[in-house]
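What the coordinates show
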Amino acid sequence: MTKITIAIDGFSSTGKSTVAKQLAKHLGYVYVDTGAMYRAVTFYAMQKKLISTKAFDVASLIKQLPNIRVHFVFNEDVGFAEVYLNDLNVETEIRSLDVSSFVSKVAAISEVRQKLVEQQQKLGAEKGVVMDGRDIGTVVFPDAELKLFMTASAETRAKRRYDELLERGDRVAYEAVLKNVQERDYIDSNREDSPLMKADDAIEIDNSNMSLKEQFDKILHLVNITL
Ligand code: C5P
């Protein structure tokens, strides 16, 4: 059967990764969470004290990029690939609100994007891939056979992220999560290099009022008519 490239872009916490994982599993495709790659680089910068609420040493981060190795390892137990930073599993650490609060600044650096986009293009070179992010349909795979653009209201998205953080034991305020979602939307949509935008040929899906099953069925239908 022919394999295609499925590009899923959209705002923060629109459920891109949930549906991308479901699709990859159903189709036997590789799933690549590109947000996790930007988060891993951000986590590195935080550990090396290159970024904080007070300062951001962009020049040193760019200089250290060759020392940063981000890769994925499939975890049979959870059923998806987890992200590693220089051979350390950082899947949990990169999802914190702290990392979320710096990641859009790191992702706006062209040198960071260039390194990660190159790696993403290699990961998807053989097709049979579901990749989610902000620039997959516009920059990473402009020729993807199926492009989706996910949206939902900021409040719906913040509530989802808030519930996720609570579930993993992070004590955060809903208002802080909403503020982070709105700030990231703004920075991601307004940066100079590869801003978040809907590709002309992407299909927009607003899932504010959709159950996970409804969303999956709708997207699977789109896959089937594309294949
Ligand atoms: O998808 P997730 O919310 O984990 O992404 C974290 C951040 O990484 C985004 O807010 C964005 O700043 C950045 N990102 C990006 N391009 C991608 C994926 C993520 O700039 N393809």
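Along each chain, the written sequence defines residue order, and numbers are assigned to residues from 1. A pLDDT threshold of at least 70 governs which residues receive local features in this predicted model, and a stricter bar of 80 or more applies before side-chain atom pairs are shown or counted, although totals over entire chains, interfaces and linings include all residues. Based on all heavy atoms of the structure, the side-chain values leave hydrogens and waters out of the count.

The protein chain goes by Cytidylate kinase in an unreviewed UniProt entry, where it is assigned to Mariniflexile ostreae. UniProt positions are given in the numbering used here, feature names are shortened, and annotations may be inferred rather than shown by experiment. If you open the UniProt record of the protein chain and go to Sequence similarities (unreviewed entry), you find "Belongs to the cytidylate kinase family. Type 1 subfamily."

Our focus in this paragraph is the packing of aromatic side chains. When two rings of Phe, Tyr or Trp (its six-membered ring) have centres within 6.5 Å they constitute a pair, described as stacked for plane angles under 30 degrees, edge-to-face for angles over 60, and tilted for the intermediate range. Under the criterion given, the structure shown has 2 aromatic pairs. Between the aromatic rings of Phe11 and Phe149, the centroid separation amounts to 5.9 Å while the plane-to-plane angle is 80°, which identifies the pairing as edge-to-face. Taken as a pair, Phe11 in the loop between strand S1 (5-10) and helix H1 (16-27) and Phe149 in strand S7 (residues 146-151) lie far apart in primary sequence, 138 residues in all. Centroid distance Tyr162 to Tyr174: 5.9 Å. Interplanar angle 85°. Geometry classified as edge-to-face. Pair noted here: Tyr162 is in helix H7 (residues 154-167) and Tyr174 is in helix H8 (residues 174-190), with a separation of 12 residues, a long-range link. Whether a residue is buried, partly exposed or exposed follows from its accessible area with a 1.4 Å probe, protein chains only, as a fraction of its type maximum: under 20%, in between, or over 50%, in that order. Accessibility expressed as a relative area gives 24% for Tyr174, which makes it partly exposed. Lysine NZ or arginine CZ positioned within 6 Å of the ring centre and within 35 degrees of the ring normal marks a charge as sitting over the ring. Cation over ring: Lys21 sits above Phe80, and NZ or CZ is 3.8 Å from the ring centre. In DSSP terms, a helix is any run of H or I states spanning at least four residues, a strand is any run of E spanning at least two, and both are numbered starting from the N terminus.

The next point concerns the pattern of salt bridges. Put simply, a salt bridge is a Lys or Arg side-chain nitrogen that is within 4 Å of an Asp or Glu carboxyl oxygen. Using the criterion set out here, one finds 14 salt bridges in the structure. Notably, a salt bridge pairs Asp33 with Arg95, separated by 3.0 Å at the nearest N-O pair. Note that Asp33 is positioned in strand S2 (residues 30-33) and Arg95 in the loop between strand S5 (88-89) and helix H4 (97-107), a separation of 62 residues in sequence. Residue Asp33 is classed as buried on the basis of its relative accessible area, which comes to 11%. Across the salt bridge formed by Asp163 and Lys159, the nearest N and O atoms sit 2.9 Å from each other. Here Asp163 pairs with Lys159, and both are found in helix H7, just 4 residues apart, close to one helical turn. The class for Asp163 is partly exposed, based on a relative accessible area of 33%. Bridged by salt links that share partners, the residues Asp33, Glu91 and Arg95 form one connected network.

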